[in-house]
Amino acid sequence: MKFELTKFEHTKNPDIQWALSELERIKEKAAIAEDENLANNCWRESEALQLTLTYIKAFHKLKNADYREAWYDLEQCEIKCKIIARNSSEEFCLAKNIHFISQQVSNLQSLYPYCVFSSPGMVVGYYSCGICDHKIRPRSRCAHKKGKIYNGKLCVHIAHDIVLKEISIVSKPVQKYSVVHNDETLDFSALQYLMPALEEAFDEWAFIKKTKSFPIDMFSRVDLDSECPCKSGEIFRQCCSNKADVTIPHLEFLLPRAVPNLPKIRFPY
Ligand SMILES: [Zn+2]
Ligand SMILES: [Zn+2]
């Protein structure tokens, strides 16, 4: 079954939900019959379809400046891309745009101002295999590998007897769902600038991280005891405040088409 799936309107097509439930039905039948190939193919098709749906929805939320909700979708896409790529041929990944989505998700995430996340520290009693229930010990493992597909089912390790020890604040979390920031205090200007220039989730775009220098007079409003605009992490007084020019990070976007009336970016200081 073929349907168009590139725009947000397409995600409402009832045929897509029908296709997902059919894939689930065929997968379960194949799993019972131990037709592993068919079961895994159904899993792959279903995951790729759900990934495309989530990615298009995330793009739509970004267009509507719903940044936090889009962030959660993008994180879901990131995880799905990795699992699909791990369990599929290169040909399949190319046909389903897995690498493209993975790249664009990573690009979009890096335009967010989020940099700290909460991360739970816990002690796990033991893990069991999600496929065969085997209790995993250092010298006793089953034949299943975490993150691989068996008979249409993803192998996960299930944690038992969990004791939560602490919540830490980290900059590189295992998963990026637990954002600590209050969005109202953050600067989303990179996304605010980019999103009006894109029409569809599958538009090709990229950006280059550059730097640009400005005369020191333009930074007269920066508090000497605040973070230096050059983003070195030092305070302004001890960093660039005595230089003639300050070199600050600058993003250059490569867009798919010329966009009239792009918002002018305000000098942030
Ligand atoms: Zn197992
Ligand atoms: Zn500096």
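The text that follows walks through the structure, step by step, so that each part is easy to find. For clarity, every value in this text was computed on a predicted model and none was experimentally measured.

### Things to note about the coordination of the zinc ion (ligand 1)
Now for step 1: Protein-derived coordination of the zinc ion (ligand 1) comes from Cys-129 (SG), Cys-132 (SG), Cys-142 (SG) and His-144 (ND1), at a distance range of 2.0 to 2.3 Å.
Now for step 2: Relative to the metal, the four donor atoms surrounding the zinc ion (ligand 1) lie at angles of 104 to 113°, and the coordination shape comes out tetrahedral.
Now for step 3: If you list the donors of the zinc ion (ligand 1) from N- to C-terminus, the spacing comes out as C-x2-C-x9-C-x1-H.
Now for step 4: Relative accessible area serves as the criterion here: at 0%, Cys-129 is assigned to the buried category.

### Remarks on the sheet that holds strand E5 (residues 157–170)
Now for step 1: Strand order across the open sheet formed by three strands is E2-E1-E5, with antiparallel pairing between neighbours. Of all the strands in the sheet, just strand E2 (135–136) and E5 have a single pairing partner and so form its edges.
Now for step 2: Of the pairings in the sheet, the one linking strand E1 (residues 117–129) to E2 comprises two bridges and is antiparallel in character. Directly across from Ser-128, in E2, lies its bridge partner Lys-135.

### Details of the packing of aromatic side chains
Now for step 1: Considering all chains together, one arrives at 15 aromatic pairs under this definition.
Now for step 2: Geometrically, the ring pair formed by Tyr-67 and Phe-188 is stacked, given 4.5 Å between the ring centres and 10° between the ring planes. Here Tyr-67 is found in helix H3 (residues 67–86), whereas its partner Phe-188 is found in the loop between E5 and helix H6 (189–194), with 121 residues between them in sequence. An identical accessibility class is assigned to Tyr-67 and Phe-188; each is buried.
Now for step 3: On the basis of an interplanar angle of 25° and a centroid distance of 5.7 Å, the ring pair of Tyr-193 and Phe-253 is categorised as stacked. Residue Tyr-193 is found in helix H6, and its partner Phe-253 is found in strand E7 (residues 245–254); the two are separated by 60 residues along the sequence.

### Observations regarding the coordination of the zinc ion (ligand 2)
Now for step 1: In this structure, Cys-228 (SG), Cys-230 (SG), Cys-239 (SG) and Cys-240 (SG) serve as the protein donors to the zinc ion (ligand 2), at separations of 2.2 to 2.3 Å.
Now for step 2: Mapped onto the sequence, the residues coordinating the zinc ion (ligand 2) show the spacing C-x1-C-x8-C-C.
Now for step 3: Residue Cys-240 is classed as buried on the basis of its relative accessible area of 3%.

### Considering H3
Now for step 1: When the terminal C-alpha atoms of H3 are compared, their 29 Å separation across 20 residues agrees well with the 28 Å that a helix rising 1.5 Å per residue should span.
Now for step 2: Taken together, the buried residues of H3 touch helix H2 (36–63), helix H4 (90–95), helix H5 (98–110), E1 and H6.

### A closer look at the side chain of Ser-128
Now for step 1: Here Ser-128 is to be found in strand E1.
Now for step 2: A distance of 2.8 Å separates the side chain of Ser-128 from the side chain of His-160, its partner in a polar contact.
Now for step 3: Contacts of Ser-128, omitting those with residues within four sequence positions, involve Asp-133, His-134, Lys-135, Ile-136, Val-156, His-157, Ile-158 and His-160.

### Looking at the pattern of salt bridges
Now for step 1: For the coordinates displayed, the defined rule picks out 13 salt bridges.
Now for step 2: The closest approach of N and O atoms between Lys-82 and Glu-78, which form a salt bridge, is 3.1 Å. Here the residue Lys-82 and the residue Glu-78 both occupy positions in helix H3, the gap between them amounting to four residues, near one helical turn.
Now for step 3: By relative accessible area, Glu-78 is classed as buried at 17%.

Calculation rules
Residues numbered from 1 in each chain as written. Chains lettered and ligands numbered in written order. Predicted model: local features only at pLDDT ≥ 70, side-chain atom pairs only at ≥ 80, totals over all residues. Heavy atoms only, no water. Donors = N, O, S within 2.8 Å, 3.2 Å for Na, K, Ca; no water. Tetrahedral: all angles 85-135°; square planar, octahedral: opposite > 155°, others 65-115°. Buried < 20%, exposed > 50% of the residue type's maximum accessible area, 1.4 Å probe, protein only. Pairing = 2+ DSSP bridges. Helix = DSSP H or I, 4+ residues; strand = E, 2+ residues; numbered from the N terminus. Phe/Tyr/Trp six-rings, centres within 6.5 Å; stacked < 30°, edge-to-face > 60°. Expected span 1.5 Å × (residues − 1). Contact = heavy atoms within 4.5 Å. Polar contact = N/O pair within 3.5 Å; in protein donor to acceptor, adjacent residues only side chain to side chain. Salt bridge = Lys/Arg side-chain N within 4 Å of Asp/Glu carboxyl O.

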